[in-house]
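# Structure assessment
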Amino acid sequence: MHRPPHPRAPHIDLPHIAATFPLPGGSIRNAATNAAYHVAHTNRPLDTTDLITGIETEYRKIGRLIPEEPRVRTGA
């Protein structure tokens, strides 16, 4: 059984995320999956903070240092 896609916040800052957290394709997919699992049990859309949390998880998994960048606290 395949679940429908989880809703996304309207203003996810993908250019900022891509510039700050360079990752190869497979790691991008893993980070997005991490973020989706993170919010799957919530009643809110996926936002920039969730994606950054997923990326941080992936960085730790592959043994990379997380860039010193202030965490985004909202979906804007």
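This structure is a prediction, so every number in the text was calculated from the model and none was measured.

Reading the values: rules and limits
Residues numbered from 1 in each chain as written. Predicted model: local features only at pLDDT ≥ 70, side-chain atom pairs only at ≥ 80, totals over all residues. Heavy atoms only, no water. Helix = DSSP H or I, 4+ residues; strand = E, 2+ residues; numbered from the N terminus. Buried < 20%, exposed > 50% of the residue type's maximum accessible area, 1.4 Å probe, protein only. Contact = heavy atoms within 4.5 Å. Areas by Shrake-Rupley, 256 points an atom, 1.4 Å probe, with all protein chains shown as cover. Core = buried A, V, L, I, M, F, W, Y, C linked by side-chain atoms within 4.5 Å. Salt bridge = Lys/Arg side-chain N within 4 Å of Asp/Glu carboxyl O.

So, on to the overall build of the chain. Each helix and strand counted, the chain has three helices and zero strands in total. Seen in sequence order, the chain has helices and strands lined up from the N terminus as α-α-α. Relative to its full complement of 76 residues, the chain shows a buried share of 33%. In the chain, the proportion of contacts linking residues at least 24 apart, taken out of those at least 6 apart, comes to 68%. Taken as a whole, the chain presents about 5400 Å² of accessible surface, with 59% of it coming from carbon and sulfur.

With 13 residues, the main nonpolar core has I12, I17, F21, L46, L51 and I55 as its most contacted residues. For this core, the secondary structure elements donating two or more residues are α2 (25-39) and α3 (48-62). Ranked by residues supplied to this core, first place goes to α3 with four residues.

A few words now on the pattern of salt bridges. Under the criterion given, the structure shown has three salt bridges. Here D47 and R44 are joined by a salt bridge, their closest N and O atoms 3.9 Å apart. In this structure, E58 and K61 form a salt bridge, with 3.2 Å as the shortest nitrogen-oxygen distance. Here E58 and its partner K61 are both found in helix α3, three residues apart, which amounts to about one turn of the helix. Accessibility expressed as a relative area gives 1% for E58, which makes it buried. Salt bridges linked by common partners bring R44, D47 and D50 together as one network.

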